[in-house]
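# An overview of the molecular structure
The primary structure of each chain is shown beneath.
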2 protein chains.
Amino acid sequence: MNEKAVMEHVENHFMASEFVRDVVIGMADGLTVPFALAAGLSGTLSSSSLVVIAGLAEIAAGSIAMGLGGYLAARTERDHYLAELERERREIIELPHREREEVAEILSSWGMEDKDVASAVESISKDYDRWVDFMMKFELGLEEPDPKRARNSSLTIGLSYIIGGLIPLLPYMFLQNIKTGLFVSVIVTLLALFIFGYAKGKFMGTKPFKSAWQTMLVGGLAAGVAYMVAKWIS
Amino acid sequence: MNEKAVMEHVENHFMASEFVRDVVIGMADGLTVPFALAAGLSGTLSSSSLVVIAGLAEIAAGSIAMGLGGYLAARTERDHYLAELERERREIIELPHREREEVAEILSSWGMEDKDVASAVESISKDYDRWVDFMMKFELGLEEPDPKRARNSSLTIGLSYIIGGLIPLLPYMFLQNIKTGLFVSVIVTLLALFIFGYAKGKFMGTKPFKSAWQTMLVGGLAAGVAYMVAKWIS
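Once a new chain begins, its residue numbering starts again from 1 and follows that chain's sequence as written. All chains are assigned letters beginning with A, and all ligands numbers beginning with 1, in the order in which they are written. At least 70 in pLDDT is required for a residue's local features to be given in this predicted model, at least 80 for side-chain atom pairs to be given and counted, and no such filter applies to totals for whole chains, interfaces and linings, which use all residues. Values reported for side chains reflect all heavy atoms of the structure, with hydrogen atoms and water molecules removed beforehand.

We now examine the overall build of chain A. Across its full length, chain A carries 9 helices and 0 strands. Going residue by residue from the N terminus, the α and β elements of chain A occur as α-α-α-α-α-α-α-α-α. In terms of overall dimensions, chain A is more spread out than a globule: its C-alpha atoms have a radius of gyration of 25 Å, far above the 17 Å expected for 234 residues. Its C-alpha atoms give chain A principal-axis dimensions of roughly 80 × 50 × 30 Å. The rule is simple: take the accessible area with a 1.4 Å probe, protein chains only, and divide by the maximum for that residue type; under 20% is buried, over 50% is exposed, in between is partly exposed. Out of the 234 residues in chain A, the part that is buried amounts to 48%. Here a residue-residue contact requires only that any non-hydrogen atoms of the pair lie within 4.5 Å. Taking the contacts inside chain A whose residues are at least 6 apart along the sequence as the reference set, 73% of them involve residues at least 24 apart. Per-residue and other accessible areas were derived by the Shrake-Rupley procedure at a 1.4 Å probe size, with only the shown protein chains allowed to occlude residues. For chain A, the exposed area adds up to about 11400 Å²; of that, 64% sits on carbon and sulfur atoms. Of the charged side chains in chain A, 22 are positive and 29 negative, and the gap between their average positions amounts to 10 Å. Labels follow the DSSP assignment, with helices taken as runs of H or I lasting at least four residues and strands as runs of E lasting at least two, numbered in each case from the N terminus. We compute the radius of gyration over the C-alpha atoms and compare it with the globule rule, which gives 2.2 Å times the number of residues raised to the power 0.38. Residues scored as positive are Lys and Arg, those scored as negative are Asp and Glu, and His as well as the terminal groups of each chain are ignored. To locate a charge, the coordinates of NZ of Lys, CZ of Arg, CG of Asp or CD of Glu are taken.

Here's what the structure looks like:
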């Protein structure tokens, strides 16, 4: 593997920053659901302003559900982590023999030979904190959640939902005729979904064009079904 | 630790089945967003039927965004996993020396002593598949996603969103007077959110009453803000 291949390797193993991931989570739903709701309602309502009211109410509801809901879920996850940590600490003190066996089982399952396992168990269980860490990670599969990150993450997701959701509503705000509003909103939002999907693919390290088409498809389908549902009941 | 304590340990390490987790994901949003949208609109609309139309259009849009969107995200994740697997396989063949060093670094970071590391690296890198497995898990932190699970999961999330979303809309369907509809919808949905939050806490192994209050709070707040937004613009 030459220099270029190594560089490519680094680049492709690249994981999107958590900020970008949060923007993607919030904006994907923000571009899709208010868009689909507004498109759906424009088939039955006669006034653009009602579409805008419903759209903004949806954005308020959706951004709180995603933002605050996500924040509380992260806090709960942290409580869960701390409770498990407490339990694991106690167990290592109260049942060191059993916990040592668990370390051995984990190491064996990775293909380590018996003679190495015994010696590795010895070195891991020599340091109390490291031992606790090891059990948390590999017995329970838990990583310590960052409390500040939970707050930032929810804010980013909520704001991205709001920004994404405003895009499909803007045409209805500026165009009095609801049919024209719908037409411009569909064009603008499908384009935005395509660009967003492309960027998402780039950042996430997957195929950008595939991601662009798929994102547009989900948004378009959601809007189409919402339109049919609204037409059908009214 | 006596028998009872051991049992308790097993019970508390219990992780909710993936099915339950999917129901929780779909229903949490389904109970919250259509509820908040309907409540928000009932402050400005005069007819219950418009609230129902908007609510059902939202349910259609939201369930597709969550269901289909989630399905495609899972497929992308799988593609990503397979691409990384392919790369890791190639690297182990082309650059075995460097990959062996990476195994050693990972093992050292867990507190294993140098003499154990060398021997453990030897046994792990003896079996090609196990070596690849080890790198995927501990260098890249990736587990193989299950394709069938992605489909089932999206279906469960989408359907749970629909079921959750219908609960706040039913009162508007049966009560002509929009104020009565709103009143009954708020009572019924807050109660449903409380019960749902309690069950969620039970299943997820966190405090049920805390979860119940929090779930109700998010739903109530979303509805309140949506109501104010709708009132303010109209």
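Facing the 68 residues of chain B at the interface are 68 residues of chain A. Of the roughly 5900 Å² buried where chain B meets chain A, counting both sides, 68% is carbon and sulfur surface. We count a salt bridge whenever a side-chain nitrogen from Lys or Arg sits within 4 Å of a carboxyl oxygen from Asp or Glu. Joining chain B to chain A, the criterion identifies 2 salt bridges. For the side of chain B that touches chain A, the elements supplying multiple residues, two or more each, are helix 1 (3-13), helix 2 (18-42), helix 3 (48-94), helix 4 (96-109), helix 5 (114-124), helix 6 (128-139) and helix 9 (208-233) of chain B. By residue number, the principal contributor to the side of chain B that touches chain A is helix 3 of chain B, which donates 23 residues. Split into classes, the residues belonging to the side of chain B that touches chain A amount to 37 nonpolar, 16 polar and 15 charged. Buried area adds together the accessible area that both of two parts lose upon being put together, with accessible area traced by a 1.4 Å probe. As a working rule, the residues Ala, Val, Leu, Ile, Met, Phe, Trp, Tyr, Cys and Pro are called nonpolar, Asp, Glu, Lys and Arg charged, and the rest polar, with Gly in that last group.

It is worth spelling out the nonpolar core at this point. If you look at the biggest cluster of nonpolar residues, it comprises 74 residues, and the most contacted ones within it are Leu 41, Val 51 and Tyr 172 of chain A together with Leu 41, Val 51 and Tyr 172 of chain B. In contact with Val 51 of chain A, other than residues within four places in its own chain, are Ala 38, Leu 41, Ser 42, Leu 45, Leu 169, Tyr 172 and Ile 178 of chain A. If you look at the next biggest cluster of nonpolar residues, it comprises 39 residues, including Leu 85, Ile 106 and Val 121 of chain A together with Met 112 of chain B. In this text, buried Ala, Val, Leu, Ile, Met, Phe, Trp, Tyr and Cys residues form a nonpolar core when linked through side-chain atoms within 4.5 Å.

Bringing a nonpolar patch on the surface into the picture now. Like-charged residues are merged into a patch within 9 Å and nonpolar side chains (Val, Leu, Ile, Met, Phe, Trp, Tyr) within 5 Å, provided each residue has over 30% relative accessible area and no salt bridge. Together, Leu 155, Leu 159, Ile 162, Ile 163, Leu 166, Leu 170, Met 173 and Phe 174 of chain A make up an exposed nonpolar region whose accessible area comes to about 730 Å². Positionally, Ile 162 of chain A belongs in helix 7 (residues 147-174).

On to the relation of the copies chain B and chain A. Overlaying chain B on chain A yields an RMSD of 0.1 Å, the required transformation being a rotation through 180° with an accompanying axial translation of 0.0 Å. Taken together, the rotation and translation relating the two chain copies correspond to the operation of a two-fold axis. When C-alpha positions in chain B are compared against the rotation axis, the closest is assigned to Asp 116 of chain B, at 3.2 Å. Of the residues that chain B buries at the interface, 100% are likewise interface residues in chain A, meaning the two copies contact each other through the same surface. Least squares is the method used to superpose the copies, on C-alpha atoms of residues holding a pLDDT of at least 70 in both.

UniProt positions are given in the numbering used here, feature names are shortened, and annotations may be inferred rather than shown by experiment. Mapped onto the present numbering, the UniProt feature "transmembrane region" (unreviewed entry) falls at residues 50-74, 155-175, 181-199 and 211-230 of chain A. Secondary structure content for residues 181-199 of chain A is 100% helix and 0% strand, while the C-alpha to C-alpha distance between its ends is 26 Å.

This part covers the confidence of the model for chain A. Residues and elements named next belong to chain A. A residue's pLDDT is the confidence the predictor assigns to it, expressed on a 0 to 100 scale. Counting all residues, the mean pLDDT for chain A is 86, and 93% of those residues have values of 70 or more. The model gives residues 1-15 a pLDDT under 50, and that stretch makes 18 contacts with residues more than four places away or in other chains. Two summary scores accompany this predicted model of the complex, namely pTM at 0.82 and ipTM at 0.81.

With that out of the way, let us pick up the environment of Gly 158 of chain A. Residue and element names in this part refer to chain A. With respect to the helices and strands, Gly 158 occurs in helix 7. Here the alpha-carbon distance between Gly 158 and Gly 67, two residues 91 residues apart in the chain, equals 4.5 Å. When sequence neighbours within four positions are dropped, the list of residues in contact with Gly 158 reads Ser 63 and Gly 67.

Bringing the side chain of Thr 32 of chain B into the picture now. With respect to the secondary-structure elements, Thr 32 of chain B resides in helix 2. Residue classification places Thr 32 of chain B among the buried positions, given a relative accessible area of 4%. Here a polar contact is recorded for every N or O atom pair within 3.5 Å, except that within protein the pair must consist of a potential hydrogen donor and a potential acceptor, and residues adjacent in sequence are included only if both atoms are side-chain atoms. Separated by 2.6 Å, the side chain of Thr 32 of chain B and the backbone oxygen of Ala 28 of chain B make a polar contact. In contact with Thr 32 of chain B, not counting residues within four places along its chain, are Ala 65 of chain A together with Leu 193, Val 218, Gly 219 and Ala 222 of chain B.

Quick look at helix 9 of chain B now. Expected span, for any helix, means 1.5 Å times one less than how many residues it has. Its 26 residues give helix 9 of chain B an end-to-end C-alpha distance of 38 Å, which sits within 8% of 38 Å, the value for a rise of 1.5 Å per residue. Among the residues making up helix 9 of chain B, those that are buried are Pro 208, Ser 211, Ala 212, Gln 214, Thr 215, Val 218, Gly 219, Ala 222, Ala 223, Ala 226 and Ala 230 of chain B. Buried-residue contacts for helix 9 of chain B involve helix 3 (48-94) of chain A together with helix 2 and helix 8 (178-204) of chain B.

Let's shift gears to helix 2 (residues 18-42) of chain A. One full turn of an α-helix is made of 3.6 residues, so residues set three or four places apart face in the same direction. Over its 25 residues, helix 2 of chain A runs 36 Å from end to end, which matches the ideal 36 Å to within 8%, given 1.5 Å per residue. With 20 of 25 residues buried, helix 2 of chain A lies mostly within the body of the structure.

All right, on to the pattern of salt bridges then. Per the counting criterion, the structure on display carries 14 salt bridges over all chains. Of the charged contacts, one joins Asp 22 of chain B and Arg 149 of chain B as a salt bridge, the two residues approaching to 3.4 Å between their closest N and O atoms. A residue pair is termed long-range when its members are at least 10 positions apart, and Asp 22 of chain B in helix 2 and Arg 149 of chain B in helix 7 (residues 147-174) qualify at 127 residues. The exposure class of Asp 22 of chain B is buried, given its relative accessible area of 1%. Through salt bridges that share partners, Glu 18, Arg 21, Asp 22 and Arg 149 of chain A make up one connected network.

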